[in-house]
Amino acid sequence: MMYEVQVNMRKALTEMKRLGLKKHSCKDTIVYVVASNPDGACAGALSQICRDIRKEKEATSEKNAGEIHKLARTARHLIHVTKVIELGSWA
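Residues numbered from 1 in each chain as written. Predicted model: local features only at pLDDT ≥ 70, side-chain atom pairs only at ≥ 80, totals over all residues. Heavy atoms only, no water.

Caption draft 1: Examining the overall build of the protein chain more closely. The secondary structure content of the protein chain amounts to 3 helices and 3 strands. Counting from the amino terminus, the protein chain carries its helices and strands in the arrangement β-α-β-α-α-β. Over its C-alpha trace the protein chain gives a radius of gyration of 14 Å, about what one expects of a compact globule, namely 12 Å for 91 residues. With the C-alpha coordinates of the protein chain rotated into their principal frame, the extents come out at 45 × 25 × 20 Å. The long-range fraction of contacts in the protein chain, counting pairs at least 24 apart against all pairs at least 6 apart in sequence, stands at 68%. Roughly 5500 Å² of accessible area belongs to the protein chain as shown, and the carbon and sulfur atoms make up 52% of that amount. Taking the 16 positively charged and 10 negatively charged side chains of the protein chain as two groups, their mean positions are separated by 5 Å. (Helix = DSSP H or I, 4+ residues; strand = E, 2+ residues; numbered from the N terminus. Rg over C-alpha atoms; globule rule 2.2 N^0.38 Å. Contact = heavy atoms within 4.5 Å. Areas by Shrake-Rupley, 256 points an atom, 1.4 Å probe, with all protein chains shown as cover. Lys, Arg positive; Asp, Glu negative; His and termini not counted. Charge placed at Lys NZ, Arg CZ, Asp CG, Glu CD.)

Here is the structure:
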């Protein structure tokens, strides 16, 4: 099943902007996830956002790399899912 997951990024937003991260740097972001149930979609969305933060670290300057890595580890506790919409299955 494909899910549209809306994630509240407000608690991590200040730190993300300070570190120069662009992807997902808005109050609410939407992530599309393939999962077997809504709980899996939520977990997958949070993992994808943390993974995107780590990937963006490689494109930024080395002086912020340590702080970005730390944010990627703690982001899971700062952000939360606000809405999950089942889009259906395309199999």
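Next comes the rest of the write-up.
Caption draft 2: Spotlight on a nonpolar patch on the surface. Together, I30, Y32, I85 and L87 make up a nonpolar patch on the protein surface, roughly 350 Å² of accessible area in all. Looking at the nonpolar patch, the elements with two or more residues in it are β2 (28–34) and β3 (80–88). Assignment of secondary structure puts I30 in strand β2. With relative accessibility at 43%, the residue I30 sits in the partly exposed group. (Patch = residues over 30% accessible without salt bridge, like charges linked within 9 Å, V, L, I, M, F, W, Y side chains within 5 Å. Salt bridge = Lys/Arg side-chain N within 4 Å of Asp/Glu carboxyl O. Buried < 20%, exposed > 50% of the residue type's maximum accessible area, 1.4 Å probe, protein only.)

Caption draft 3: Summary view of the nonpolar core. Membership of the largest hydrophobic core comes to 22 residues, with the highest contact counts inside it found for V5, V7, L21, I49, I53 and I79. Within the residue set of this core, elements represented by two or more residues are β1 (2–8), α1 (10–18), β2, α2 (38–57) and α3 (65–78). Per element, the largest residue contribution to this core is 6 residues, and it comes from α2. (Core = buried A, V, L, I, M, F, W, Y, C linked by side-chain atoms within 4.5 Å.)

Caption draft 4: Fine view of the packing of α1 against α3. The N-to-C vectors of α1 and α3 enclose an angle of 170°; their axes lie 10 Å apart at closest approach. The angle between the axes of α1 and α3 places the two elements in the roughly antiparallel class. Helix-helix and strand crossings are classified by hand; for α1 and α3 the assignment is left-handed. Judged by residue contacts, K11, A12, E15, M16 and R18 of α1 engage E67, L71 and L78 from α3. Here the contact of α1 with α3 is built from residues that sort into 4 nonpolar, no polar and 4 charged. (Axes fitted to C-alpha atoms, helices over the stretch in contact; angles between N-to-C directions. Parallel < 35°, antiparallel > 145°, perpendicular 65-115°, else oblique. Left-handed = near helix turned anticlockwise from the far one by under 90°. Nonpolar A, V, L, I, M, F, W, Y, C, P; charged D, E, K, R; others polar.)

Caption draft 5: View of the environment of E67. The residue E67 is located in helix α3 in this model. According to the relative accessible area criterion, E67 is partly exposed, its value standing at 34%. Spatially, the C-alpha atom of E67 lies 16 Å from that of K23, the residues being 44 residues apart in sequence. Once you skip the residues sitting within four places of it in the chain, E67 turns out to touch E15, R18 and L19. Only 2.4 Å separates the side chain of E67 from the side chain of R18, close enough to count as a polar contact. (Polar contact = N/O pair within 3.5 Å; in protein donor to acceptor, adjacent residues only side chain to side chain.)

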